[in-house]
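Residue strings, one per chain:
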Amino acid sequence: MMTTDSTARTEFIAGLRSLARFLADNPKVPVPTHGETILLHAAGTDNEQRAQVDRVADLIGSLASGGTHYKTARDFGPITYEVLAISEQHMRDHEAAASYYGAVTG
């Protein structure tokens, strides 16, 4: 889920700054070798999700693309900010396949 609520934004940004300060002040604490992704999932119908991704794409100056996984992203050095919409059909297919997990053994 994602929000533009000012309180949630303030808390999120403060958390990112706090993490950055902590890592800068503690050089022995490891960080990911290849960076990290901040992933936001769109919600709603397929059309609503795609509209959310398109809106964020405009806001961050990026293109949106994809099929069952429609997304936009912007890199900030090794950190990626990504918004993703997964089609309702793809989610149904995934949930159906996952429902068999553990039921079939070899």
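Source: prediction; values computed, not measured.

**Brief notes about helix α1 (residues 6-25)**
Moving on, step 1. Taking 1.5 Å as the rise per residue, α1 with 20 residues should run 28 Å; its terminal C-alpha atoms sit 28 Å apart, in good agreement.
Moving on, step 2. By the N-cap criterion, in which a side-chain oxygen at the helix start approaches the backbone nitrogen of a residue two or three places on, α1 is capped by D5, the distance to T7 being 3.2 Å.

**A short note on the pairing of strand β4 (residues 79-86)**
Moving on, step 1. Counted residue by residue, β4 has 6 buried out of 8 residues, so it is predominantly covered.
Moving on, step 2. Pairing analysis gives 6 bridges linking strand β1 (residues 36-41) to β4, with the strands arranged parallel. Within β4, the residue paired with I38 across the bridge is Y81.
Moving on, step 3. Linkage of strand β3 (residues 69-76) to β4, two consecutive antiparallel strands, is achieved through a turn of 2 residues, within which G77 is found at a positive phi near 65°.

**Section: a nonpolar patch on the surface**
Moving on, step 1. On the surface, L19, F22 and V29 cluster together to form a nonpolar patch covering roughly 250 Å² of accessible area.
Moving on, step 2. Its relative accessible area of 43% is what places F22 among the partly exposed residues.

**Focus: the side chain of T80**
Moving on, step 1. As for its position among the elements, T80 is in strand β4.
Moving on, step 2. Within the local environment of T80, its side chain forms a polar contact with the side chain of D75, the two groups lying 2.6 Å apart.
Moving on, step 3. With sequence-adjacent residues up to four places away left out, T80 is seen in contact with E36, T37, I38, A73, R74 and D75.

**Topic: the sheet that holds β1**
In a beta sheet, neighbouring strands pair by backbone hydrogen bonds and run either parallel or antiparallel.
Moving on, step 1. Spatially, β1-β4-β3-β2 is the arrangement adopted by the 4 strands of the open sheet, whose pairing is mixed. Edge positions in the sheet fall to β1 and β2 (64-65), since each of these pairs with one other strand and no more.

**Re the environment of R9**
Moving on, step 1. With respect to the element layout, R9 can be found in helix α1.
Moving on, step 2. R9 sits in the partly exposed class, given a relative accessible area of 45%.
Moving on, step 3. Apart from residues no more than four positions distant in its own chain, R9 is found in contact with T3 and T4.

**Description of the nonpolar core**
Moving on, step 1. Within the largest apolar cluster, 8 residues are counted, these being L40, A42, V53, V56, I60, Y70, V83 and A85.
Moving on, step 2. Listing elements by their share of this core, those giving two or more residues are α2 (46-60) and β4.
Moving on, step 3. The element best represented in this core is α2, accounting for 3 residues.
Moving on, step 4. Leave out the neighbours within four places in its chain, and V83 touches M2, L40, V53, V56, Y70, K71 and T72.

**Let's talk about α2**
Moving on, step 1. Taking 1.5 Å per residue, 15 residues should reach 21 Å; α2 reaches 21 Å between its end C-alpha atoms and fits that length.
Moving on, step 2. Those residues of α2 not exposed but buried are Q49, V53, V56, A57 and I60. Considered in projection along α2, the buried side chains sweep an arc of 110° and stay on one side of the axis. Exposed and oriented more than 90 degrees from the buried face of α2 are N47, R55, D58 and L59.
Moving on, step 3. Where α2 is buried, its residues contact β2, β3 and β4.

So, how was this worked out
Residues numbered from 1 in each chain as written. Predicted model: local features only at pLDDT ≥ 70, side-chain atom pairs only at ≥ 80, totals over all residues. Heavy atoms only, no water. Helix = DSSP H or I, 4+ residues; strand = E, 2+ residues; numbered from the N terminus. Expected span 1.5 Å × (residues − 1). Polar contact = N/O pair within 3.5 Å; in protein donor to acceptor, adjacent residues only side chain to side chain. Buried < 20%, exposed > 50% of the residue type's maximum accessible area, 1.4 Å probe, protein only. Pairing = 2+ DSSP bridges. Patch = residues over 30% accessible without salt bridge, like charges linked within 9 Å, V, L, I, M, F, W, Y side chains within 5 Å. Areas by Shrake-Rupley, 256 points an atom, 1.4 Å probe, with all protein chains shown as cover. Salt bridge = Lys/Arg side-chain N within 4 Å of Asp/Glu carboxyl O. Contact = heavy atoms within 4.5 Å. Core = buried A, V, L, I, M, F, W, Y, C linked by side-chain atoms within 4.5 Å. Arc of directions from axis to C-beta.

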